[in-house]
Structure formats: structure tokens, C-alpha cells
Protein chains: 2
Amino acid sequence: MKAESILLGHGGGGLLSHELVARKFLPLFKNSILERLEDGAVLDTGESRLCFSTDSFVVNPYFFPGGDIGSLAVHGTVNDLSMCGGTPLFLSAAFILEEGFPMADLDRIIQSMAQACRRADVQIVTGDTKVVHHGAADGLFINTTGIGVVRYDRAISVACIQAGDAIILNGSIGDHGAAILTQREELGLDAPIMSDSVPLNGLVARILEASPDIHAMRDATRGGLGGILAEIADQSGCEILIDEKSIPVQEKVRGVCEILGFDPLFLANEGKMVVFCPYVDSQRVLQAMNGHPYGKDARIIGQVEKKGKGRLVMNTLAGGSRVIDMPAGELVPRIC
Amino acid sequence: MKAESILLGHGGGGLLSHELVARKFLPLFKNSILERLEDGAVLDTGESRLCFSTDSFVVNPYFFPGGDIGSLAVHGTVNDLSMCGGTPLFLSAAFILEEGFPMADLDRIIQSMAQACRRADVQIVTGDTKVVHHGAADGLFINTTGIGVVRYDRAISVACIQAGDAIILNGSIGDHGAAILTQREELGLDAPIMSDSVPLNGLVARILEASPDIHAMRDATRGGLGGILAEIADQSGCEILIDEKSIPVQEKVRGVCEILGFDPLFLANEGKMVVFCPYVDSQRVLQAMNGHPYGKDARIIGQVEKKGKGRLVMNTLAGGSRVIDMPAGELVPRIC
């Protein structure tokens, strides 16, 4: 890593983020749990198996169609815990507030957090509040960190992915990123694009019931579907093949991407996930997902080809195929 | 709460902080665990008893004599977990970085975190990094959230405090606050005042071994010794009596307080704690503490008088006695 100072891209979920973690944090904080680089850590305390995940939320603007920083902060951590195969139980909430932040906005945000907790069936059990001078933060930042219990017998990890695995996606991509972008750019759409921010723990419970052999799950947040699949290909050392025509993109999301010059493949989602499971289990998992509101549009979008060449390949709408690299550069900053 | 926007005092650890939590967060996030308002939450997952605590660190400047934001972020959460009677095991670390933040400073800070983890025998097992535009944050903010296991049989809580309890303090007060203030004000002292930031888990393990009947522990961070004891008096409904002459204050800390107009009683500490235990156990606890490097100056500073009138009273050096209220106003912002 050559940069002498932090760039926006270091937080973008792409190549620079990946390098910051892999080359700076990992060597220093080195331990077998952190090394796995999953959405959360699975911990053995001697008495129980837990999952543990943290996220700071800096999304701008903090109110957007379909949610706000408060609900996003609850869903984001609930989803990261769920991707570990855990049942989310407890959250911490830590606020960094800028002096002068409107109390009415704080009220609305914490009400939204409380409602999101009820929907996701988790409790905020501990917290912290810091205030910094006017100008030392942009409004408010929220960290949520969560604990869940892991009762699923088998390890769920990128390391478990195998050649032949089916890859299932639960719905249209790019909605959250497009919602934030249109809000920020003040594009006057007839109907706003809604963020897809939802808690995925209910859907994940269905998935785990449907198959005793789920290999990996990952939510497609920063970096988008393309970013996380390219990262998974790299981490697992497997070639991953996906079909562009099987990946749903809402018409208005595609339109906004064309206007603003983004690719929905790399836009953040906050309610979309991929599941890796043996092909023989894929129909059963798909059916279970289709029976849940957040999985009704689930479909198989690709498969794991072989070990040995960690890369993501997409068969394009135009009939060709191309290698999809981990996105470099800044992507969309402050999307979550 | 009448303020229409956030004031610095809402994060100061005094009356406004207390009101923000008690009147806004608690009613919304209401649950029996959060209601206890301890330094961390004690959780029952069915299989084990855990403690869980979160803190965001926004200290300015981020390097100071005796530590930096990195070591502080590790010690702070280790200490909060320890105050619940838990053995800290795992931390998450979430960074919010300002675009342009010097990579060399980040390197130094994460090295310091890694060293602090080794000293405190905890592991950072999961993390997050966000980057915001230049001007949208002041350098860097770090959230650490921790998990520990609680093996101590009895509840350790302000609710367990009883009339007759001895109150033990482990050393001189105001060091951290004075270290930050002198650094910030660029007072040219002959020898800098060092922050007292240390991990207290080793000391707490000694305390818990010494007595099976520890009632409460609290580290005297934001709000200082006076602030946390006034809060404990309020929460427990007990009158707490302390002796000013028994409370150690370093000469140079007293000097800085006189110059800058602060009271060491309300200055933050990052390695000082109070223990509440039955008077009959107090000598044994004190001896155990005195045998540990971070407790060698431990002493009894007061006692719990009676239930019914939750207030803090101090016998002063001048021979009188006065009621110490929870500090109002902004105290020292960004001390941790």
C-alpha cells in the first residue's frame, strides 16, 4: 500500500479497502478468527458458539427513501450476524453526535432504530454517546455491534465453498445505492427509488432449515454484488461464473445508473444476499427463500466452477463473457 | 429535556448525558438489561453468562503523554467489561477515518492497539473501516465493543450497594483529564502529566478472588470520580460519604487544575476505579489491590451511609462537608 494518507476508496469496499485490511490490520491484529475475514466472527467461549460483528454507519443523507441511518444501523449488523449462520440477539449502539445536531432528527432516528429492533427481534442492551464540536463530525455517526448465537452445526464460511456450488441471490440489485444517489443528486424522479434495507435474519433462518449443508452466505453491501463475489472468488480461490441475464435490476435503478454513470453490479445493497450451497440442495433452498417476503424473487444466478483460479466471470447480456475485477477507486462514498 | 439541538454537555458524562440516556434512549429501547445502566450489559444466552460493552473514542489530540486513541480504545472497553465482573476476551474495532488522514498516524495507532491487546490479553476478532470526506470528521474516531465471560457468581451492580459498604479507590485522580488538557492547551510543563490509561482486568481479577461479595465496581472515566459517585448515589438511592483528604491527587495535576479552573474530582480517569464491598471484606480487598501494580495506591475513601437519600456528600479538606452534585454543563469535551 503506497498511499501516504487515507483516500475515500479505503472505505469503499473495493480493492483499497481490501488492501487496508489485508496488509495493515490483519498482520498486526493477527489471530485465527480475524483471518477468516467474514462478515462477522464466530467465537467459542467454551460454553457456547457466538457470532460477533461491528459496523459504523456514516450514510449521507441520514434520511432516505425506505429508511434512515437508524434502521440501516440495526439491519446492517443483524444481517452481518445472520451471514455467519447466527441468530442475532443483542446489539450495542454507540452515537457520535455533532454539536448542534437537531434533537428532532435524533428522536426520529432512534425511534426508527427501536422499530427496526422490534422487527428484527433483537434488543439494544448497551450504548454510548459522544458529542464533538460543531464541524468535527458531519451530523451523526452510529456504530452498532451485535452478538448472536450460532446453533447451525456446520461451518459457514467462504473457505467451505466448493466447485459445483449453486449461487442464489434473493432479489434485485443496486436499490440501496440508487436510493442514496438519487437523494443526494436531487434527481427528480416520479417515484423515488426505495432502499432495500431490511433485516435478513428471518430469511436466513428459512435457508438454514432448508439445507444442512449451506457453505457460505454474504450480504452484498459495499462493493455491491460484483464486489463481494469478486472478493469471494479471490478468498476462496474458486472461479465463480454468473449470468448477467439472471440478475434482476429494477428498470428505474438501471435508468439512474445510466444517467449517473454507475454499474448496478457495484452499487450497494442493504437487503440482498448470496447463498452458496451444493447444487443438489439448491432447489430446496430456493423454494424456502421464495416463501419468504425478502426472498420471493430469489433465483440461481451462477455457480462455482473450479478451484485454482480465484476470479469472477460473467456471461453478459450481449452474449460474451468477461472477468469482473474487484472495484478499484472510490465507488460511492458514505453509502452506509 | 428542553434543548432543541445537541450540546457538548450531552456527551460530557454529566447531568445532560444522564438525561439524554434516561429520558430519550431508555424509554425507546426499554428492556431489563439496558435499564440497569451499568458500564456494560450482562447477558444470558442460555448457555453462558456474557458481558458486552461499547465505547466510541473521539479524544483530541489523538496522541497524548501516556497513550493514544488506540490504546485508550482497547483499555476503555476492557475496563468497562471488567467492571461488570467479566473476563474480557474479544473486541471489535471500527474506524471512521477522515479522507487525508496520515497513514503514518494510522500505523502508529493500530500498532498501539495491537500492543494494548497483548497487554490486556484480548483479541480483536472483527472490524470495520469507513472513510468520510475531508472535513466530515476530525481525523479518526474508533469504536471498540467487547465481549467477556462472567464467571463470578454474584451480581455486581449498583443495585447491590448496601449501607455500610466500604468504597475503595485504586489511586490518584484526574491524571488522564489533566494530561489531555495540558497537551491541548500547550502548557509547557517541565515533565508532562501522563495519562493513567491502563487495562484494569488484571486488578479486577485480584479483587474478585479476594472477596466473594463484591457489590459494585465502576471506572471513573467521563465525569470523574465526583461524577460517577454522584450518579451511583442517584441510581442506588444511597447516601455516599467520601473524605476529600483520602483522595490522592498528584501535585502537578492539582497545579494544572488551578491554572485552568478545573476540579480534579470531575476530571476523567482512564485507569481508576471504585469498588463497593462490605466493610468486613474491605481490608482483604485492599490488600489484594495493593499487591497489583495498578492498585498499589488503593485506599478506602468513604462509605455508603444509608438508603433513602441518594446523594454524594464529601467531608472537605477545610473541615466542612458539602453535597456534590452531578456535574452540569460541558466539562471537558473529547476527553476519551
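See the structure above.
Everything in this summary refers to the structure shown in the same document. (Residues numbered from 1 in each chain as written. Chains lettered and ligands numbered in written order. Predicted model: local features only at pLDDT ≥ 70, side-chain atom pairs only at ≥ 80, totals over all residues. Heavy atoms only, no water.)

**With respect to the sheet that holds strand S10 (residues 238-243) of chain B**
Residue and element names in this part refer to chain B. If you trace the seven strands from one edge of the open sheet to the other, you get S9-S11-S8-S12-S10-S13-S14, paired in mixed fashion. Two strands close off the open sheet at either side, each with one partner strand: strand S9 (216-219) and strand S14 (321-324). On average, each strand axis in the sheet is inclined to that of its neighbour by 25 degrees, with strand direction left out of account. Against the sheet, helix H2 (residues 69-83) touches S9 and strand S11 (273-278), its axis set at about 165 degrees to S9. Helix H6 (residues 224-236) contacts strand S8 (165-169), S9, S10, S11, strand S12 (299-307), strand S13 (311-315) and S14 of the sheet and is inclined by roughly 155 degrees relative to S10. (Pairing = 2+ DSSP bridges. Helix = DSSP H or I, 4+ residues; strand = E, 2+ residues; numbered from the N terminus. Axes fitted to C-alpha atoms, helices over the stretch in contact; angles between N-to-C directions. Contact = heavy atoms within 4.5 Å.)

**Side note on helix H2 (residues 69-83) of chain A**
Residue and element names in this part refer to chain A. The terminal C-alpha atoms of H2, which comprises 15 residues, lie 21 Å apart, in line with the 21 Å expected from a rise of 1.5 Å per residue. Across the 15 residues of H2, 15 count as buried, placing the element largely inside the fold. The distance from a side-chain oxygen at the start of H2 to the backbone nitrogen of glycine 70 is 2.7 Å, and the residue carrying that oxygen is aspartate 68. Glycine 85 lies just past H2 and shows a positive phi near 85 degrees. (Expected span 1.5 Å × (residues − 1). Buried < 20%, exposed > 50% of the residue type's maximum accessible area, 1.4 Å probe, protein only. Polar contact = N/O pair within 3.5 Å; in protein donor to acceptor, adjacent residues only side chain to side chain.)

**Concerning the interface of chain A and chain B**
Contacts between the two partners involve 78 residues from chain A and, on the opposite side, 78 residues from chain B. Together, the buried faces of chain A and chain B total about 6600 Å²; carbon and sulfur atoms form 70% of this surface. Our count for the chain A to chain B interface comes out at six salt bridges. A salt bridge links aspartate 107 of chain B to lysine 24 of chain A; the nearest nitrogen and oxygen atoms lie 2.7 Å apart. On inspection of chain A and its partner chain B, the count reaches 24 residue pairs in polar contact (both at pLDDT 80 or more). Looking at the side of chain A that touches chain B, the elements with two or more residues in it are helix H1 (15-29), strand S1 (41-44), strand S2 (49-57), strand S5 (86-98), helix H3 (103-120), strand S6 (123-132) and strand S7 (140-150) of chain A. Residue contributions to the side of chain A that touches chain B peak at ten residues, all from S6 of chain A. A class-by-class count of the residues in the side of chain A that touches chain B yields 41 nonpolar, 22 polar and 15 charged. (Buried area = accessible area lost by both parts, 1.4 Å probe. Salt bridge = Lys/Arg side-chain N within 4 Å of Asp/Glu carboxyl O. Nonpolar A, V, L, I, M, F, W, Y, C, P; charged D, E, K, R; others polar.)

**Points about the pattern of salt bridges**
Tallied over the entire structure, the rule returns 37 salt bridges over all chains. The residue lysine 30 of chain B makes a salt bridge to glutamate 35 of chain B at a minimum N-O spacing of 2.9 Å. Connected via shared salt-bridge partners are Glu38, Asp39, Arg218 and Glu231 of chain A.

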